[in-house]
Amino acid sequence: MRKIGILSSFSLPKRNLLAKVKSGKGSNTNLRSIEDEGISSIRTRWYSTCFAKLQEDVPKDDNPVSQMLVDSFGRLHTYLRISLTDRCNLRCQYCMPAEGVDLTPKPQLLNQDEILRVANLFTSSGVNKIRLTGGEPTIRKDIEDICLGLSNLKGLKTLAMTTNGLTLAMKLPRLKECGLTSLNISLDTLVPAKFEFLTRRRGHHKVLESINAAVELGYNPVKVNCVVMRGFNEDEISDFVELTREKPINIRFIEFMPFDGNVWNVKKLVSYSEMFDRVVREYPSIKRLQDHPTDTAKNFKIEGHQGAVSFITSMTEHFCAGCNRLRLLADGNFKVCLFGPSEVSLRDPLRRGADDHELREIIEAAVKRKKASHAGMFDIAKTANRPMIHIGG
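What you see is a predicted model; the values in this text were computed from it and never measured. Note that residues are indexed from 1 along each chain, following the sequence as it is written. Thresholds applied to this predicted model are a pLDDT of at least 70 for local features of residues and 80 or more for the giving and counting of side-chain atom pairs; totals over whole chains, interfaces and linings are not thresholded and use all residues. Neither water nor hydrogens contribute to the side-chain values; these are computed over all heavy atoms in the structure.

Caption draft 1: Summary view of the overall build of the protein chain. The helix and strand inventory of the protein chain stands at twelve helices and twelve strands. Among the 393 residues that make up the protein chain, the fraction classed as buried is 54%. Look at the contacts in the protein chain between residues 6 or more apart in sequence, and 74% of them connect residues 24 or more apart. Looking at the protein chain as shown, the accessible area adds up to about 17800 Å², and 51% of this sits on carbon and sulfur atoms. Counting from the N terminus, the helices are DSSP H or I runs at least four residues long and the strands are E runs at least two residues long. The rule is simple: take the accessible area with a 1.4 Å probe, protein chains only, and divide by the maximum for that residue type; under 20% is buried, over 50% is exposed, in between is partly exposed. Contact between two residues is taken to exist if any of their heavy atoms lie within 4.5 Å; hydrogens are not considered. Note on areas: Shrake-Rupley with a 1.4 Å probe; residue coverage comes only from the protein chains shown.

Caption draft 2: How the structure looks around helix 10 (residues 356-368). By definition here, a helix of n residues has an expected span of 1.5 Å times n minus one. Relative to the 18 Å expected for 13 residues at 1.5 Å per residue, helix 10 spans 18 Å between its end C-alpha atoms, a close match to the ideal helical length. Contacts made by the buried residues of helix 10 are with helix 2 (112-123), strand 10 (325-328), strand 11 (333-335), strand 12 (344-345) and helix 9 (347-351).

Caption draft 3: Broad picture of the packing of aromatic side chains. Whether two aromatic rings pair depends on their centres lying within 6.5 Å, for rings of Phe, Tyr and Trp, where Trp uses its six-membered ring; planes under 30 degrees apart make the pair stacked, over 60 edge-to-face, and the rest tilted. With the rule as written, the count across this model stands at nine aromatic pairs. For the ring pair tyrosine 272 and phenylalanine 276, a centre distance of 6.2 Å and an interplane angle of 55° mean the geometry is tilted. Residue tyrosine 272 and its partner phenylalanine 276 are located together in helix 8 (residues 272-282), separated by four residues, close to a single helical turn. With respect to burial, tyrosine 272 and phenylalanine 276 carry one shared label: buried. Connected via pairs of aromatic rings, a cluster forms that spans Phe240, Phe253, Tyr272, Phe276, Phe300 and Phe311. Two limits define a charge over a ring: the Lys NZ or Arg CZ must be within 6 Å of the ring centre, and within 35 degrees of the ring normal. Its end group placed over the ring of tyrosine 219, lysine 176 keeps NZ or CZ at 5.4 Å from the ring centre. The ring of tyrosine 272 is capped by lysine 298, whose NZ or CZ atom sits 5.3 Å from the centre of that ring.

Caption draft 4: Broad picture of the side chain of threonine 189. Along the chain, threonine 189 falls in the loop between strand 4 (182-186) and helix 5 (192-199). A distance of 3.0 Å separates the side chain of threonine 189 from the backbone nitrogen of valine 191, its partner in a polar contact. Polar contacts, as counted here, are pairs of nitrogen or oxygen atoms within 3.5 Å of one another; within protein the pair requires one atom able to donate a hydrogen and one able to accept it, and residues that are adjacent in sequence qualify only if both atoms are side-chain atoms.

Right, here's the structure in full:
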């Protein structure tokens, strides 16, 4: 791996690929105007294979998708993300405002039985994948029991978790025994000092230990989420790619997204096209993999590397047409779009004694209200939304 200069990227580069982006209201800005020249013809070859023509994963006949999970545009929602808590042992700047957030009082969080009951409603209706998020899901004391209960739900094929990895290494063997089948570990820098600056906490070595522990336990791939921010870590892209050479690690570069309190600025955004250009210059053997229509990532493989490289392009090339994801927040609110402010409570009717039929009606009505796509990049930045720590990663 190449040597990394500590804090060498904190100052903004003089050359700004987004300098041409207009800041006017209702902008007709086209992000293609920011693309570099030089290897655009190479990039175009990858764009032309943006989505593979793969058949949708429809659950088997013994667990068909209920109309509860089908929106007005015909999208089947077979993937539920469950936030277990809005508490976290890090304070990442793109997730939590500098002044902190008002944490949900414990009595207002869904308890284990409530989580399992709601999850069962979804899996019995056709959901086959659940991802546990937070905050930081591993700080829930009952995380193992939750995993065990969820993994036993009929129809569930994948139980995944997104974690910051700070305490994961020691808990992972038991979590795997309890049915955890897939892992995403967040790591935005390979430089300990920059990690401490971004997260406002120490523990960089613990995250690396967790990644290695996941590899040793046989998770394949181990997905590593990296939010790329201009002036902070865009100079580390190639170093992250090197992690895929000897281990089954899937590096997932994520475009910086706006949420309440994270001081989003278009100048901090490193677009997919710029990130890809950086990779292809150093790794010309990179080849596009076939993406499933519901994938949020554009996936690539480099010759000779065990792992893979992916790009999540929420800002510059949204993937709303293939969206199959729904979200249950830690306080029991149900959210059908990451960027949409609309939420409906499932906790309140649940605690009032609502039966399954009533809960299904509430869920179905929310799903049917889901929009065709989120707004444009600049509209998203102006839309009121909760901090990411409240929504769930």
